[in-house]
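Here are the chains, one letter per residue:
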Amino acid sequence: MWRVMVSRSRTAEKVLRELVCVLEDWPLHSTCTSDGDSADVFALAVSFWPRPLLAPRVASPGGSPSSPSAAPPCLTRQPGCCRRSSGCPRRLNVLFPRIFLALLFQIFFATQQMPEEVDTFWRGCQQEGCPPTNPSRFAMLTVKALLCRLEYDNMVFEVERKRGWDTLLNAETYHCAMGLLARQMRGISRSLCYWIAGYLVKLLRRKKQHWEVPAMAFLVELLVYPNVRCWGDHILQLVPTYLQSKCRVMRRLVLRGLLALCKTPLMVGRMQPLLQRLIELLKDADREVVGMTLSVLSKVLWATGIPIASPITLQLAERLRPLFDSDANHVQLLSMHLFRDVMEFVAEEGKKPLKQHVHQSLIPLLCHLHDENQRVAEASRETLLQATKFLKNRKLRQLLEREQTWAVGKCLLAEYSSRVDEYLQQSLLYLQSPQASMREAAIRFLGLAGRHMTRQQMKLQVIYNALQITTKDISLSVSSLATQTLFLLRAAERNPPSRFRLPGLQERFRRVWRRRPSLRDNGFLCCWSSVQS
């Protein structure tokens, strides 16, 4: 019956269009069949019988045409293996994006659900000589036949070589296979990628929950081409919805798509309305999502060059500060750089409210000056330097420019004495840092803070207790530094140095420091600057 229906080109095109419409609408319009059959059975029937339209008739060894149900030549895993007909039918070229995607989604549906009526239908197909063992594999073979019919057999071979077809049959890795197919499709035709991308955008507007992830995976891979990015306005309309997806893979794919669109300056400027949604993503538990979000935010801020409104800067600064301590170095780097940009691009009316967040960032940045990762330490220094410019603190800026980091803590306490309690609470947290160098930095700052609290016994006791615990640190340099700092603070509390003896005492410790540089490695309190208060 099907062969008779497609024997004429005009009839064949009508049949193809109708079948594609059914495939596209299933299972959304699953009850629209004329005979009342269930959705799964009807969809599989549509997937089964277009084979006469797709596979060319191949001569059998005996000279007679082989059956259309035979395995297509593209399954021999050799490039150039397809025996092509004299011409590539125009109707397949025109409808290829729709047919190709519809069949791919049928594979996805077949791997997701397998009701009893489908098993019954498929057993009947196998009795008629259908070679594949399950519906999803048969739909995959149909996709291969379609590609070979259009002379894309090299793509079939490359996907096979990378085991992409097997990956396509697994529901958990299906979206990965879709990405692979898209990358291979990029090598065929840019114009074809353009039309496929446009059709994917149209499908994603329907918001079907089943195949949104594989559709987005295919679309994102096509955005490498500038002509495909022409769909950017339509894609940006989809972003707010899909950024809120509960699926981690979907959030990653959307952010990858935004990064690809950022290569088009016009698109970056149109991402301003997405700032609020992107800032909310900075709380995501997935470090990869957070890292890509930071990258997109940075590109948007830099590309526009427009002063950031006060509400946005406050929300962004609040989300960025905790990321300084992320266990992912790339997240630390991006968050510090973005915080620096926020201080630079904030609108004039937003500077005063932002000061509170900048003050709260000083101790984290000060401790990260001693980060074991040199790139993070340098990013911390650059951001801290921008903070001193934002706060218009010339003394702190000069110390940083001269790289006198040991004196920054002392100057910080002297310049902002009203915030000593806040700084104390922040520095105590860094005693739990996994990095010994940062724990040492926290101890040094506690020694400085202790000298400012000689008359506040309760707060001084908090410092003593924290240092006492740290004397048992696993790192010898940290425990030694904590012991020496604790000893010096208690000694200074019992015998506060007079104003006349203080300069001489400072000089003695400086001479000791110069004669014994190895004490730095053992955790000796750098220049005992806590005495200088």
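Only a predicted model underlies this, so the values are computations on that prediction, with no experimental measurement involved.

Draft legend 1. Structural context of the overall build of the chain. For the chain, the count of helices and strands is 28 helices and zero strands. Counting the 533 residues in the chain, one finds 53% classified as buried. Sequence-distant contacts in the chain: of pairs separated by 6 or more residues, those separated by 24 or more amount to 69%. As displayed, the chain offers around 25,700 Å² of accessible surface, 51% of which is attributable to carbon and sulfur atoms.

Draft legend 2. Main features of the packing of aromatic side chains. Taken as a whole and judged by the stated rule, the model has six aromatic pairs. Here the aromatic rings of Phe-96 and Tyr-152 are separated by 5.8 Å at their centres, their planes lie at 75 degrees, and the arrangement is edge-to-face. Of this pair, Phe-96 sits in helix 5 (residues 90-112) while Tyr-152 sits in the loop between helix 7 (135-149) and helix 8 (153-161), and the two are 56 residues apart along the sequence. Accessibility classification places Phe-96 together with Tyr-152 in one group, the buried group. Joined through ring pairs, the aromatic side chains of Phe-96, Phe-100, Tyr-152 and Phe-218 make up one cluster. Over the ring of Tyr-464 we find Arg-490, and its NZ or CZ is 5.1 Å from the ring centre.

Draft legend 3. The arrangement of the side chain of His-368 in detail. Structurally, His-368 can be placed in helix 20 (residues 351-368). For His-368, the contacting residues outside a window of four places in its chain are Phe-324, Asp-325, Gln-332, Met-336, Val-376, Ala-377, Ser-380, Tyr-430 and Met-438.

Draft legend 4. Structural detail: unusual backbone geometry. The phi torsion at Glu-151 lies on the positive side, around 65 degrees, for a residue other than glycine. As for its position among the elements, Glu-151 is in the loop between helix 7 and helix 8. The phi angle at Lys-392 is positive, at roughly 55 degrees, despite the residue not being glycine. Tracing the chain through its elements places Lys-392 in the loop between helix 21 (374-390) and helix 22 (394-401).

Draft legend 5. Fine view of the pattern of salt bridges. Using the criterion set out here, one finds 22 salt bridges in the structure. Taking the shortest distance from any N to any O, the salt bridge between Asp-233 and Arg-270 comes out at 2.6 Å. Here Asp-233 is found in helix 13 (residues 232-243), whereas its partner Arg-270 is found in the loop between helix 15 (265-269) and helix 16 (275-281), with 37 residues between them in sequence. With a relative accessible area of 36%, Arg-270 lands in the partly exposed category. Here Arg-287 and Asp-327 are joined by a salt bridge, their closest N and O atoms 3.3 Å apart. Here Arg-287 is found in helix 17 (residues 287-304), whereas its partner Asp-327 is found in the loop between helix 18 (310-320) and helix 19 (329-345), with 40 residues between them in sequence. Overlapping salt bridges bring together Arg-183, Arg-186, Glu-221 and Arg-256 as one network.

Draft legend 6. Seen up close, the confidence of the model for the chain. Per-residue confidence for the chain gives a mean pLDDT of 78; residues scoring 70 or more make up 70%. Segment residues 28-34: pLDDT under 50, and four contacts once partners within four positions in sequence are set aside and those in other chains are kept.

Draft legend 7. Just the nonpolar core, in detail. With 151 residues, the main nonpolar core has Phe-96, Phe-100, Leu-104, Phe-105, Leu-168 and Phe-218 as its most contacted residues. Per-element tally for this core: the top contributor is helix 5, with twelve residues. Sequence-distant contacts of Phe-100, that is, excluding residues within four places in its chain, are made with Val-143, Leu-146, Leu-147, Met-155, Met-185 and Phe-218.

Draft legend 8. Structural view of helix 11 (residues 190-204). With 15 residues, helix 11 should reach 21 Å at 1.5 Å per residue; the first-to-last C-alpha distance of 21 Å fits that figure. Of all the positions in helix 11, only Leu-192, Cys-193, Ile-196, Ala-197, Gly-198, Tyr-199, Leu-200, Val-201, Leu-203 and Leu-204 are classed as buried.

Draft legend 9. Region of the structure containing the packing of helix 19 against helix 20. Remark: helix 19 packs on helix 20, axes separated minimally by 12 Å, with the N-to-C direction vectors making an angle of 145 degrees. Here helix 19 and helix 20 pass one another in a crossing that is left-handed. Touching Gln-332, Met-336, Phe-339, Val-342 and Met-343 of helix 19 are Leu-354, His-357, Val-358, Ser-361, Leu-365 and His-368, all from helix 20. Broken down by class, the residue content of the contact of helix 19 with helix 20 amounts to seven nonpolar, four polar and no charged.

Draft legend 10. Main features of the environment of Leu-476. Looking at where Leu-476 falls in the secondary structure, it is placed in helix 27 (residues 476-494). It is 9.5 Å that separates the C-alpha atoms of Leu-476 and Ala-436, two residues lying 40 residues apart in sequence.

Draft legend 11. Geometry of the environment of Leu-323. As for its position among the elements, Leu-323 is in the loop between helix 18 and helix 19. Judged by its relative accessible area of 11%, Leu-323 is buried. Taking C-alpha positions, Leu-323 is 8.2 Å from Met-336, a pair spaced 13 residues apart along the chain. Leu-323 has contacts with Leu-282, Val-290, Leu-294, Val-331, Gln-332 and Ser-335, leaving out every residue within four places of it along the chain.

Draft legend 12. Looking closely at the environment of Met-185. With respect to the helices and strands, Met-185 occurs in helix 10 (residues 174-185). Of the residues examined, Met-185 reaches a relative accessible area of 0% and is grouped as buried. Along the backbone, Met-185 and Ile-196 are eleven residues apart, and their C-alpha atoms lie at a distance of 9.8 Å. When residues no more than four places from it in sequence are discounted, the contact partners of Met-185 are Phe-96, Phe-100, Met-155, Leu-192, Cys-193, Ile-196 and Phe-218.

Draft legend 13. Molecular detail of the packing of helix 25 (residues 436-451) against helix 27. Where helix 25 contacts helix 27, the two axes come as close as 10 Å, and the packing angle between them is 0 degrees. In this view, helix 25 runs roughly parallel relative to helix 27, as classed from their interaxial angle. In this structure, helix 25 uses Ala-436, Arg-439, Glu-440, Ile-443, Arg-444, Leu-446, Gly-447, Gly-450 and Arg-451 to contact helix 27, whose residues at the interface are Ser-477, Val-478, Leu-481, Ala-482, Thr-485, Leu-489 and Ala-492. Residue composition of the contact of helix 25 with helix 27, grouped by class: eight nonpolar, four polar and four charged.

The rules behind these values
- Residues numbered from 1 in each chain as written.
- Predicted model: local features only at pLDDT ≥ 70, side-chain atom pairs only at ≥ 80, totals over all residues.
- Heavy atoms only, no water.
- Helix = DSSP H or I, 4+ residues; strand = E, 2+ residues; numbered from the N terminus.
- Buried < 20%, exposed > 50% of the residue type's maximum accessible area, 1.4 Å probe, protein only.
- Contact = heavy atoms within 4.5 Å.
- Areas by Shrake-Rupley, 256 points an atom, 1.4 Å probe, with all protein chains shown as cover.
- Phe/Tyr/Trp six-rings, centres within 6.5 Å; stacked < 30°, edge-to-face > 60°.
- Lys NZ or Arg CZ within 6 Å of the ring centre and 35° of its normal.
- Salt bridge = Lys/Arg side-chain N within 4 Å of Asp/Glu carboxyl O.
- pLDDT = per-residue confidence, 0-100.
- Core = buried A, V, L, I, M, F, W, Y, C linked by side-chain atoms within 4.5 Å.
- Expected span 1.5 Å × (residues − 1).
- Axes fitted to C-alpha atoms, helices over the stretch in contact; angles between N-to-C directions.
- Left-handed = near helix turned anticlockwise from the far one by under 90°.
- Nonpolar A, V, L, I, M, F, W, Y, C, P; charged D, E, K, R; others polar.
- Parallel < 35°, antiparallel > 145°, perpendicular 65-115°, else oblique.

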